[in-house]
Amino acid sequence: MDLATKEFYDDFWPRFVPIYDETKKYMLETLTERQIGRALDAGCGHGICSVILSEMAEQVVSVDVSSDSLATARQQAQRFGRDNIEFHHQDLQELDPNLGPFDLVWCWGVAMMAPDPMKVMRNLMAVTKPGGTVYLGLYLKTWLSPVHEGVRHFCRAYMDTPARRKLVGGFFTGLTKVACALKGQEINRRADNVSIQAQVEDWYYPPYKTFYSIEEIVALFERNGFKAECIQDRLGRMKSATIFVIRATKNG
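Predicted model only: the values in this text are computed from it and were never measured.

Structural notes on the overall build of the protein
For the protein, the count of helices and strands is 9 helices and 8 strands. A buried classification covers 54% of the 252 residues belonging to the protein. If you take every contact in the protein between residues at least 6 apart in sequence, the share linking residues at least 24 apart comes to 74%. Looking at the protein as shown, the accessible area adds up to about 11800 Å², and 53% of this sits on carbon and sulfur atoms.

Below, the structure is given as structure tokens:
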């Protein structure tokens, strides 16, 4: 089991549960489906996505490597009165194939945080039933990705205490305010996030992070028997720090 990622998200998601209404708005804009049989929330974290999927699916299976995140997800299921979600403490790199097959797999901003993202993606493909669909959000590789990675390694090595994390968050908040003011824009906190501090910690402190091009992920799915397309490009406020989303349907 990936203990480094488990430790990070054991601390992170209980503190930074996203905003339900904004998360639901985004998911409804993203998902084509409105009625789903079995759905997998692959890397459920805070559990809000599991709750929203459960409003459309007969059954949701939610998997995460972080036990404290799963506890938070169970609290959200109870909070919203959803009883068609089952939770499993598993590493997606070692996903139990017997949990599948699934009509829909949702994996948003998770696979690239594992030590072996390709293993995660192959496991997600394996548990998708013929005709089923995978929604996969990954970090986009840009010419500035090495710079972001350099900052992340510095933050983890030298600024990794609660007080120093707040200092880093404050620095980037101020930097963002200045950049937005120069562009005549509002502060760039993603709508579903509870704070810029959450964005900063999620960007600069995870133990692993891998960036991909859209073309290589589309090709990966197509080599494995899927029809794939990019449905959302550059979701982030900064072009150099952004997610793209692939929708891939498994051939029947």
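As for unusual backbone geometry
The phi torsion of most residues other than glycine is negative, and most of the peptide bonds are trans. Omega for the peptide link from G100 to P101 comes to 0 degrees, which places this bond in the cis form. Relative to the helices and strands, P101 is located in the loop between β3 (85–89) and β4 (102–108).

Considerations on helix α6 (residues 145–158)
Across its 14 residues, α6 extends 20 Å between first and last C-alpha, which sits within 8% of the 20 Å expected from 1.5 Å per residue. Of the residues making up α6, those classed as buried are S145, H148, E149, R152 and C155. Here the buried residues of α6 occupy an arc of 125 degrees about the axis, which is enough to place them on one side. Residues of α6 that are exposed and point more than 90 degrees away from the buried face comprise P146, A157 and Y158.

Some words on the pairing of strand β5 (residues 128–140)
Two faces, one strand: in a regular strand the side chains alternate between the faces of the sheet. In terms of burial, β5 is largely enclosed, as 10 of its 13 residues are buried. Where β4 lies against β5, 6 bridges are found, and the strand directions are parallel. Note that in β5 the partner of V105 across the bridge is V134. For the handedness criterion, the β-α-β arrangement of β4, helix α5 (residues 117–126) and β5 is classed as right-handed. The pairing of β5 with strand β8 (residues 243–250) spans 7 bridges and is classified as antiparallel. Considered in β8, the bridge of T133 is made with T249. The pairing of β5 with strand β6 (residues 211–212) spans 2 bridges and is classified as parallel. If you follow Y139 over to β6, its bridge partner there is F211.

Digging into the nonpolar core
Core analysis: the largest hydrophobic core is formed by 77 residues, its most contacted members being L40, L136 and F221. Looking at this core element by element, the count peaks at 6 residues for β5. Apart from residues no more than four positions distant in its own chain, L136 is found in contact with C107, A111, M121, L124, I217, F221, F244, V245 and I246.

Comments concerning the packing of aromatic side chains
Applying the stated rule across the entire model yields 16 aromatic pairs. Ring geometry for F12 versus W13: centroids 4.8 Å apart, planes at 75 degrees, classification edge-to-face. One aromatic cluster in this structure is built from F8, Y9, F12, W13 and F16. Here the guanidinium or amino end of R165 rests over the ring plane of Y205, the centre of that ring lying 4.4 Å away. The lysine or arginine in question, K209, covers the ring of W203, its NZ or CZ lying 3.7 Å from the ring centre.

Digging into the side chain of Q197
Relative to the elements of secondary structure, Q197 occurs in helix α8 (residues 196–204). When its relative accessible area of 18% is taken as the criterion, Q197 is described as buried. Among all residues touching Q197, those that are not within four sequence positions of it are F16, R165, K166, G169 and G170.

Topic: the environment of I85
Its place among the elements puts I85 in strand β3. Remark: the alpha-carbon pair of I85 and S50, spanning 35 residues in sequence, is separated by 7.3 Å. Other than its neighbours up to four places away in sequence, I85 contacts S50, V51, S54, V60, S62 and A77.

Description of the side chain of S50
Mapped onto the elements of the fold, S50 is located in helix α3 (residues 48–54). Assessed through its relative accessible area of 0%, S50 is described here as buried. Of note is the side chain of S50, whose polar atom sits 2.5 Å from the side chain of D41. Those residues in contact with S50, other than ones at most four positions away along the chain, are D41, C44, V60, S62 and I85.

Conventions we followed
- Residues numbered from 1 in each chain as written.
- Predicted model: local features only at pLDDT ≥ 70, side-chain atom pairs only at ≥ 80, totals over all residues.
- Heavy atoms only, no water.
- Helix = DSSP H or I, 4+ residues; strand = E, 2+ residues; numbered from the N terminus.
- Buried < 20%, exposed > 50% of the residue type's maximum accessible area, 1.4 Å probe, protein only.
- Contact = heavy atoms within 4.5 Å.
- Areas by Shrake-Rupley, 256 points an atom, 1.4 Å probe, with all protein chains shown as cover.
- Expected span 1.5 Å × (residues − 1).
- Arc of directions from axis to C-beta.
- Pairing = 2+ DSSP bridges.
- Right-handed = clockwise from strand over helix to strand, strands pointing away.
- Core = buried A, V, L, I, M, F, W, Y, C linked by side-chain atoms within 4.5 Å.
- Phe/Tyr/Trp six-rings, centres within 6.5 Å; stacked < 30°, edge-to-face > 60°.
- Lys NZ or Arg CZ within 6 Å of the ring centre and 35° of its normal.
- Polar contact = N/O pair within 3.5 Å; in protein donor to acceptor, adjacent residues only side chain to side chain.

Read these as geometric descriptors, not functional statements.
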